[in-house]
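# Observations on the model geometry
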Amino acid sequence: MKIFLIGMPGSGKSTLGRQLAEKLMTTFVDLDQEIENYEGKSITEIFAKLGEDHFRLVESQLLRAFASSETSFVMATGGGAPCFHNGIGTINDSGVSIFLDVPLEQLVAQTSNRSTRPLLQNDSEEELRSKLRNIRDKRLQFYQQARIRLQKPDLDSLLKSLML
Ligand code: S3P
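Report follows, based on the coordinates. (Residues numbered from 1 in each chain as written. Predicted model: local features only at pLDDT ≥ 70, side-chain atom pairs only at ≥ 80, totals over all residues. Heavy atoms only, no water.)

## Examining the overall build of the chain
Counting its regular elements, the chain contains 8 helices and 5 strands. Taken over C-alpha atoms, the radius of gyration comes to 15 Å for the chain, in line with the 15 Å a tight globule of 164 residues would show. Taken along its principal axes, the extent of the C-alpha atoms in the chain is 40 × 30 × 25 Å. A total of 164 residues make up the chain; the buried ones form 46% of that total. Partitioning the intrachain contacts of the chain with sequence separation of at least 6 by distance along the chain shows that 73% fall at a separation of at least 24. Of the accessible surface of the chain, which amounts to about 8,500 Å², a share of 48% is contributed by carbon and sulfur atoms. Each charge sign in the chain was given a centre, from 20 positive and 21 negative side chains, and these centres are 3 Å apart. (Helix = DSSP H or I, 4+ residues; strand = E, 2+ residues; numbered from the N terminus. Rg over C-alpha atoms; globule rule 2.2 N^0.38 Å. Buried < 20%, exposed > 50% of the residue type's maximum accessible area, 1.4 Å probe, protein only. Contact = heavy atoms within 4.5 Å. Areas by Shrake-Rupley, 256 points an atom, 1.4 Å probe, with all protein chains shown as cover. Lys, Arg positive; Asp, Glu negative; His and termini not counted. Charge placed at Lys NZ, Arg CZ, Asp CG, Glu CD.)

See the structure below:
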């Protein structure tokens, strides 16, 4: 089985993805980490040196490669992965998508003081909040196509939603 956790930066995809993979005794894949390994650069460097369009292309190529592989995994996608190059279509054609739909304030709390997210850098908390709100408004149309939507995601609710 392929399980894809999707949602905004700060929604807990990596943390919960790791826990879920461990519980299911399957592989955990962090798509951002795969991109960094492939490029030999950090996400921040990729955005700065090669640009967002390039990042989105590599992101989509690696997403497709995993989606068409024979392996089972739990993947934490990057926040934009479902929203470019028909990522959500790739995801839904190959596995189970779960949207971690957490409140805006939680996203703000989880993404402030982090310098590793180029789209959210150098903002005051107020700017960060409005940026996150704008990005989320644009992306909801993609996130809403997930097979499962969890508003208070934790390991138990994830397992229940998968009927495991
Ligand atoms: C992005 C989210 C990041 C990373 C990149 C772009 C986005 O991943 O892929 O910085 O467009 O929302 P996280 O969602 O894990 O922060």
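## Describing the site of the ligand
The full set close to the ligand counts 13 residues, and Lys13, Asp32, Arg56, Arg117 and Arg139 are the nearest of them. Within the side chain of arginine 117, an N or O atom sits 2.5 Å from an oxygen atom of the ligand. Taking 380 Å² as the accessible area of the ligand by itself, protein coverage stands at 94%. Across the shell around the ligand, the residue classes break down as 5 nonpolar, 3 polar and 5 charged. (Near = heavy atom within 4 Å. Polar contact = N/O pair within 3.5 Å; in protein donor to acceptor, adjacent residues only side chain to side chain. Nonpolar A, V, L, I, M, F, W, Y, C, P; charged D, E, K, R; others polar.)

## Examining the pairing of strand β3 (residues 73-76)
Here β3 shows two buried faces, one formed by Phe73 and Met75 and the other by Val74 and Ala76. The sheet contact formed by strand β1 (residues 2-6) and β3 spans 4 bridges and is parallel. Across the sheet, residue lysine 2 finds its bridge partner in β3, namely phenylalanine 73. Judged from the 4 bridges that link them, strand β2 (residues 27-30) and β3 form a sheet pairing that is parallel. Across the sheet, residue phenylalanine 28 finds its bridge partner in β3, namely valine 74. (Pairing = 2+ DSSP bridges.)

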